[in-house]
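Residues per chain, in single letters:
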Amino acid sequence: MILVALWDLGPAAREALGAAGRLGDEIAVALLGDPASAEEAGAYGATQAFVFDGDFAGSGGEAAIAALTELARELGARAVLLPRDDRTAEIAPRLAERLGGTAVTQVVAIELTDGRPVWTRSAYGGKALVEVTAAAEPVVATLTRGAFAPAEATGGTATVSTRSAPAVDGAVELLEREAPSTGASLEDAKVIVSGGAGLGAAEAFRELEELAGLLGGAVGASLAAVDAGWAPADRQVGLTGKVVSPDVYFAIGISGASQHLAGIGGAKAVVAVNTDADAPIFASARLGVVMDCHTFIRSMIEQLRSAT
Amino acid sequence: MHAVVLLKEILDWELPASKFRVDDEAKRPPLDLGPSLLGPFEQNALELALQLKDAGVVTRVTALLAAPGEPVDGLRKALALRCDEAVQVVAEGADAADPSQTAELLVAALRRLESPELVLAGRQAGDWDHGQVGYLVAERLGLPAVGLVFRAERDGDRLRVWRVAPGGVEQLGVRPPAVLTVTSDASLQLRMGSVMDRMAANKKPITRWTVEDLGLSPERLAAARRLEIVRTWAPEIERQCEVIDGDDPAEIVATVLSRLEELKLLSRSP
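Values in this document were obtained by computation on a predicted structure and should not be read as measured data. (Residues numbered from 1 in each chain as written. Chains lettered and ligands numbered in written order. Predicted model: local features only at pLDDT ≥ 70, side-chain atom pairs only at ≥ 80, totals over all residues. Heavy atoms only, no water.)

### Quick notes on empty space enclosed by the protein
Argument step 1. One pass over the full model with this rule turns up five cavities of 30 Å³ or more.
Argument step 2. Considering only enclosed or pocket space, the largest cavity measures out at about 120 Å³ in volume.
Argument step 3. Every residue along the wall of the largest cavity is listed here: Asp86, Val226, Ala233, Asp234, Gln236, Thr240, Gly241 and Lys242 of chain A together with Arg123, Val164, Thr183 and Ser184 of chain B. (1 Å grid on protein atoms, 1.4 Å probe; cavity = no way out; pocket = protein on both sides within 12 Å on 5 of 7 lines; lining within 4 Å. Points joined across faces, edges and corners; volume = space filled by probe spheres on them.)

### Notes on the domain arrangement of chain B
Argument step 1. The domain architecture assigned to chain B consists of domain 1 (2-224) and domain 2 (240-270).
Argument step 2. Centre-to-centre separation of domain 1 of chain B and domain 2 of chain B, based on C-alpha positions: 46 Å. (Domains from an automatic or database assignment.)

### Concerning the state of the cysteines
Should the sulfur atoms of two cysteines be covalently bonded, the bond is a disulfide.
Argument step 1. Throughout the structure, instances matching the rule amount to zero disulfides over all chains.
Argument step 2. This cysteine, Cys241 of chain B, is not joined by any disulfide, and Cys293 of chain A carries the nearest cysteine sulfur, 15 Å off.
Argument step 3. By relative accessible area, which is 24% here, Cys241 of chain B ends up partly exposed. (Disulfide = S-S within 2.5 Å. Buried < 20%, exposed > 50% of the residue type's maximum accessible area, 1.4 Å probe, protein only.)

### Here we look at the interface of chain A and chain B
How big an interface is tends to be stated in terms of the accessible area lost upon association of its parts.
Argument step 1. The partner chain B presents 80 residues to the 80 residues of chain A that form the contact.
Argument step 2. Contact between chain A and chain B buries roughly 6,800 Å² in total, counting both sides, with carbon and sulfur atoms accounting for 58%.
Argument step 3. Linking chain A with chain B are nine salt bridges, by the criterion used here.
Argument step 4. Glu170 of chain B serves as the salt-bridge partner of Arg177 of chain A, at 3.5 Å between the closest nitrogen and oxygen.
Argument step 5. At the surface where chain A touches chain B, the tally comes to 35 residue pairs in polar contact (both at pLDDT 80 or more).
Argument step 6. The residue makeup of the side of chain A that touches chain B, split by class, is 39 nonpolar, 21 polar and 20 charged.
Argument step 7. Pairing analysis gives six bridges linking strand E8 (residues 128-134) of chain A to strand E12 (residues 227-233) of chain B, with the strands arranged antiparallel. Residue Leu129 of chain A lies in a different strand from E12 of chain B, and its bridge partner there is Trp233 of chain B. (Contact = heavy atoms within 4.5 Å. Buried area = accessible area lost by both parts, 1.4 Å probe. Salt bridge = Lys/Arg side-chain N within 4 Å of Asp/Glu carboxyl O. Polar contact = N/O pair within 3.5 Å; in protein donor to acceptor, adjacent residues only side chain to side chain. Nonpolar A, V, L, I, M, F, W, Y, C, P; charged D, E, K, R; others polar. Pairing = 2+ DSSP bridges. Helix = DSSP H or I, 4+ residues; strand = E, 2+ residues; numbered from the N terminus.)

### A look at the pattern of salt bridges
Residue and element names in this part refer to chain A.
Argument step 1. Applying the stated rule across the entire model yields 37 salt bridges over all chains.
Argument step 2. Of the charged contacts, one joins Arg78 and Asp25 as a salt bridge, the two residues approaching to 2.8 Å between their closest N and O atoms. Residue Arg78 is found in the loop between helix H3 (62-75) and strand E5 (79-83), and its partner Asp25 is found in the loop between helix H1 (11-21) and strand E2 (27-31); the two are separated by 53 residues along the sequence.
Argument step 3. For Asp25, a relative accessible area of 30% puts it in the partly exposed group.
Argument step 4. With a closest N to O distance of 3.3 Å, Glu207 and Arg298 form a salt bridge. With Glu207 in helix H5 (residues 203-215) and Arg298 in helix H8 (residues 293-307), the pair connects residues that are 91 residues apart, well separated along the chain.
Argument step 5. Residue Glu207 is classed as partly exposed on the basis of its relative accessible area, which comes to 21%.
Argument step 6. On the basis of relative accessibility, which here comes to 45%, the residue Arg298 falls in the partly exposed class.

Shown next as C-alpha cells:
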C-alpha cells in the first residue's frame with residue numbers, strides 16, 4: 001500500500017497521485033484538509049480515502065504527524081508520499097523517524113529496479129541529482145512540484161472513511177496567523193514576474209506588481225531581494241522558497257544563483273533581463289535581454305497598457 | 001537557558017553550476033572543488049542564537065559540529081562571535097551525506113552537553129539539501145520541533161516563534177526544551193564580529209569528542225545509516241538562450257512579447 005498525504009486535491013496533489021502510480025501498488029489517500037475532495041480522490045487512482053476531521057493547524061505539525069503515523073502503521077504502507085512545501089518539510093523526517101523508516105526529500109523521479117524503488121532527488125542547490133535507495137521502509141518522500149506528471153482522472157471510486165484528528169500534547173500551539181502577502185499564487189501562476197538584487201529598491205517591486213497584473217501573473221522574488229526586505233518571504237522563488245512551473249518566468253535583475261535556478265527548472269521558458277551579459281541566469285534562459293531592469297519593466301507596462 | 005546551535009561546513013554554495021562537477025567513484029563533488037564555509041542557514045541559526053543571548057532569553061550558546069579531521073574554521077568563527085563553547089564531534093566512520101548518521105552523532109553529543117534547552121539547526125545544509133537533521137535530533141531526544149523559524153522572543157514561560165508556513169506566516173508558542181530549524185531572513189544575516197574577538201577566539205579551546213568518547217560503537221553508527229547513494233551526477237543545462245538585442249528598448253520589449261506569443265507561451269488577447 002502507498003499512502004499519499006494531501007491537504008486538498010489541487011495540482012500538487014494530483015502530481016503526488018501520479019507519482020504514487022509509478023510504485024505499482026494500491027493507493028490510499030489521507031486528507032488532512034479539504035474533506036469535500038475525498039470522493040474525487042478515487043477518480044485519480046486511490047482505492048481508499050481517509051478524511052480527517054479536526055484541527056491540524058493548532059499544534060504546528062504535531063497532529064498531522066500523529067495522524068499519519070497511526071494510519072501508515074495500520075495500512076502497513078511501504079511508502080508515504082507528500083507534496084514538498086513549507087508544511088511537509090517539517091512533517092516528513094519526523095514521520096519517517098516515528099515509523100522506523102527513511103525520509104527522502106526533494107524527490108524529482110522514481111524508478112522501480114527489480115521491484116525496488118530508486119529515488120532521484122536534487123542536491124547542491126539543484127546542481128546535482130542523486131539516486132538513492134532506502135535502508136529501512138517505509139520511505140516518506142517529499143515530491144518536488146512540477147517533477148511528476150499529474151494523475152489523469154480515470155472515473156474510479158474510493159471507499160471513504162472518516163477519522164478524528166488525534167489529540168496531541170500542547171508543546172506547540174498556534175498563537176496567530178499573519179495574512180499571506182497579497183497577489184496570485186506562485187505555484188499555480190502561468191506567468192511569473194520575478195525581481196532580484198538588480199532591481200535596487202523596494203519601489204521597483206510595486207512596478208513588478210503592476211506588470212504582473214497586466215500579464216495576469218504573479219510576482220516572485222529572489223532570496224537576495226527577500227533578504228534586502230524588498231519583498232515578503234512568501235514570494236521567494238528557489239530551492240528554499242517556492243518551486244514553480246509557469247509557462248513564462250521573467251527573471252528581472254536576478255543573477256541566477258543555483259539555489260534560485262533549482263526553483264525554476266519547471267518553467268517552460270525563462271526570460272532573463274539583466275545588465276550583466278555574463279550573469280549565469282542567461283545559461284538557463286530561453287530569451288535573454290541585456291538591458292536596464294527599470295527601462296524593461298516600464299516599457300513592458302506601457303506596451304501592455306496600450307494593447308488593452 | 002542553554003542553547004546549542006548545530007553547525008555544518010559545506011562546499012561554497014555560490015559555486016556556479018558551470019564549475020560544479022562530481023567524482024563518479026566517490027559519488028560526490030571532489031574535496032578540492034571549492035572552499036568549505038558555514039552553510040547559509042547554519043549562519044542564520046547561529047545569528048538567531050546570538051540575538052536570543054543579546055536579549056537575555058538565552059544565557060549560554062554552544063556551537064556543535066560533526067566533521068572528521070582537524071577543528072574547522074566554522075567553530076573558530078562561532079567562538080569569535082562570542083559563543084561560549086565550541087564542540088566538534090570527530091566524525092570518523094560517519095558519512096556526512098547521511099542525515100540519520102549525522103543526527104546519531106549529534107544526539108549523543110547533545111546528551112553529553114549540560115542540559116540544552118534550545119537546539120537550533122539550519123533548515124537544510126546547502127550541500128545534500130536533505131533538511132532532516134534538526135527534526136531527527138528532535139525525535140530521538142523526544143523534543144517538540146518547529147520548522148522554518150525566522151524570529152523568536154520570550155513569551156512568559158515559553159518562546160513565541162515566527163515561521164514560514166503555506167499561505168503566510170504563523171506565530172507559534174513552544175515550550176522549551178525544543179528544537180527549531182531556522183530559515184533565512186533579512187534580520188538573520190550573521191554578524192561580523194570584531195578583530196579583537198577574532199584574535200581572542202584563536203586562544204579559546206575547542207572541545208573534541210571522538211565517536212568512542214560518545215559511547216557509539218561502529219556497529220551502532222553503521223546501523224543508523226538510512227540512505228544508500230546509487231549515483232550522483234551534475235545534470236546538463238540544455239537550454240539555448242536567444243539573445244534579443246537592438247538599439248531601441250521599446251523595440252526589444254516588443255520583440256520579447258511577440259516571440260513569447262509565437263512560442264504559444266503568452267497570449268495578450270483576453
